[in-house]
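# Descriptive analysis of the structure
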Amino acid sequence: MQELLDTLLSRYQPLYTQGKVADYIPALASVAPQQAGIAVATLDGQLFTAGDAHQRFSLQSVSKIFALVMAMNRLGDSLWQRVNMEPSGQPFNSIVQLEWEKGIPRNPVINAGAILVSDVLVSHYSASKAAFLSFIRRLAATETIMADAVVFQSELEHGNRNAALAYLMKSFGNIEADVPAVLAQYFHQCAIAISCSELSRALLFLANRGVQPGLPDAVCSRRDAHRVNAILSTSGMYDQSGEFAFNVGLPAKSGVGGAIVAIVPQYGVITAWSPPLNRYGNSVVAMQLISHLAEELGLSLF
Ligand code: GLU
């Protein structure tokens, strides 16, 4: 495995020049583009890494997984009256579909859905930002994970489209809390800084029917772990989700910070990271690393 990761990294890292680092906020635009890392955590406790696997980056949309699990734990099935579970076929921050569908987001991993999930956290957890942070720290077994204050501030300043989504849902009665509090919750989770190795470990419960190795209680039910993986399989990779299922065949989520996580049920979690993104918003190098690793190891679920 170690040899394979090293080979893949040296083969695909040079492709970073084909992508473009997210530049909607200055804090992300200034990240060094040549960085690349990969970490594979397995259910039997092994961790294999290559490249910049211990370098922290901006979690961004990958945070939507953790928030969703917290919201499912609090609301149970009633969550699914407020958000759907269908692929959107629209850009992740689209407003048009939300208007058409009366403020019910297509799924919890597009921005509208994630903002709705943030509302659940604000409305149903006291000190919801701290609750999110302690959830992710407990899963990663790392107390030093923090939100990056500069990224957080920058997201707030440039968050007009997300604010529009939130106010539109509020106008349909699908947001309970005050919109500024909901947006602060969402931007806080996006601004978390984490590494490939920490992220792979933190998501092992999704490969293990809801049970995190080393923690006494289940993180979520077996059924909810199945549901999260199903949503990631159909909607986790922006408008490249179908192609990713077609070529790779694993539940996965990417974020504009350049990370992609892929869940391998009954085996473990792969996280790859490299900042430059393709035209869909998925990391060019991380995509290559995960696709080729999955192919070499025969990991596709289908
Ligand atoms: N903070 C970004 C936004 O909400 C996250 C985007 C992403 O990673 O998909 O616009």
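For the structure, see preceding data.
All values derive from a computational prediction rather than experimental measurement.

## Details of the overall build of the chain
Of regular secondary structure, the chain possesses 14 helices and eight strands. Its C-alpha atoms give the chain a radius of gyration of 18 Å, within 12% of the compact-globule value 19 Å for 302 residues. Oriented by its inertia axes, the alpha-carbon framework of the chain measures out at about 55 × 40 × 35 Å. Scored against the burial criterion, the 302 residues of the chain give a buried share of 57%.

## Describing the side chain of Ser241
As for its placement among the helices and strands, Ser241 is situated in helix 13 (residues 241–247). One polar contact links the side chain of Ser241 to the main-chain amide nitrogen of Met237, over a distance of 2.9 Å. Setting aside chain neighbours within four positions, we find Ser241 in contact with Ser233, Thr234, Ser235 and Gly236.

## Notes on helix 14 (residues 284–297)
In this model, helix 14 (14 residues) spans 20 Å end to end at C-alpha, consistent with the 20 Å of a helix rising 1.5 Å per residue. Within the span of helix 14, buried status applies to Val284, Val285, Ala286, Met287, Leu289, Ile290, Ser291, Leu293 and Ala294. Tucked inside the fold, the buried residues of helix 14 contact helix 1 (2–12), strand 1 (37–42), helix 13, strand 7 (259–264) and strand 8 (268–273). Downstream of helix 14 by one or two residues, Gly298 has phi in the positive range, about 60°.

## What about the site of the ligand?
What surrounds the ligand is the set Tyr24, Gln60, Ser61, Phe92, Asn111, Glu155, Asn162, Tyr186, Cys190, Tyr238, Gly255 and Val256. Contacts to the ligand include Asn162, whose side-chain N or O atom sits 3.1 Å from an oxygen atom. Interatomic distance of 2.4 Å between a side-chain N/O atom of Tyr238 and an oxygen atom of the ligand. For the ligand, the protein covers 94% of the area, taking 300 Å² as the surface of the free molecule. Across the shell around the ligand, the residue classes break down as six nonpolar, five polar and one charged.

## With respect to the packing of helix 7 (residues 149–157) against helix 9 (residues 179–190)
Across the interface, helix 7 lies against helix 9 with an axial gap of 9 Å and an inter-helix angle of 135°. Comparing the axis directions of helix 7 and helix 9 gives the class oblique. Judged by the twist between their axes, the crossing of helix 7 over helix 9 is right-handed. Across the interface between the two elements, Phe152, Glu155 and Leu156 of helix 7 pack against Ala184, Phe187, His188 and Cys190 of helix 9. Residue classes in the contact of helix 7 with helix 9 are distributed as five nonpolar, one polar and one charged.

## Some words on the sheet that holds strand 4 (residues 146–147)
Strand order in the open sheet formed by three strands is 3-5-4, and the pairing between neighbours is antiparallel. Of all the strands in the sheet, the pair left with one neighbour each is strand 3 (57–58) and strand 4. As paired strands, strand 4 and strand 5 (residues 192–194) are joined by two bridges and run antiparallel to one another. Its bridge partner being in strand 5, Met146 is matched across the sheet by Ala193.

## Some points on the packing of helix 3 (residues 63–75) against helix 12 (residues 222–235)
Helix-helix packing is characterised by the crossing angle of the two axes and by the distance between the axes. The geometry of helix 3 relative to helix 12 is characterised by a closest axis approach of 11 Å and an angle of 140° between their N-to-C directions. Seen from above, helix 3 lies across helix 12 with right-handed handedness. Note on element contacts: helix 12 touches helix 3 through Asp224, Arg227, Val228 and Leu232, opposite Ile65, Leu68, Val69 and Met72. Here the contact of helix 3 with helix 12 is built from residues that sort into six nonpolar, no polar and two charged.

Here is what the cut-offs are and how they apply
Residues numbered from 1 in each chain as written. Predicted model: local features only at pLDDT ≥ 70, side-chain atom pairs only at ≥ 80, totals over all residues. Heavy atoms only, no water. Helix = DSSP H or I, 4+ residues; strand = E, 2+ residues; numbered from the N terminus. Rg over C-alpha atoms; globule rule 2.2 N^0.38 Å. Buried < 20%, exposed > 50% of the residue type's maximum accessible area, 1.4 Å probe, protein only. Polar contact = N/O pair within 3.5 Å; in protein donor to acceptor, adjacent residues only side chain to side chain. Contact = heavy atoms within 4.5 Å. Expected span 1.5 Å × (residues − 1). Near = heavy atom within 4 Å. Areas by Shrake-Rupley, 256 points an atom, 1.4 Å probe, with all protein chains shown as cover. Nonpolar A, V, L, I, M, F, W, Y, C, P; charged D, E, K, R; others polar. Axes fitted to C-alpha atoms, helices over the stretch in contact; angles between N-to-C directions. Parallel < 35°, antiparallel > 145°, perpendicular 65-115°, else oblique. Left-handed = near helix turned anticlockwise from the far one by under 90°. Pairing = 2+ DSSP bridges.

Purely geometric numbers; function is a separate question.
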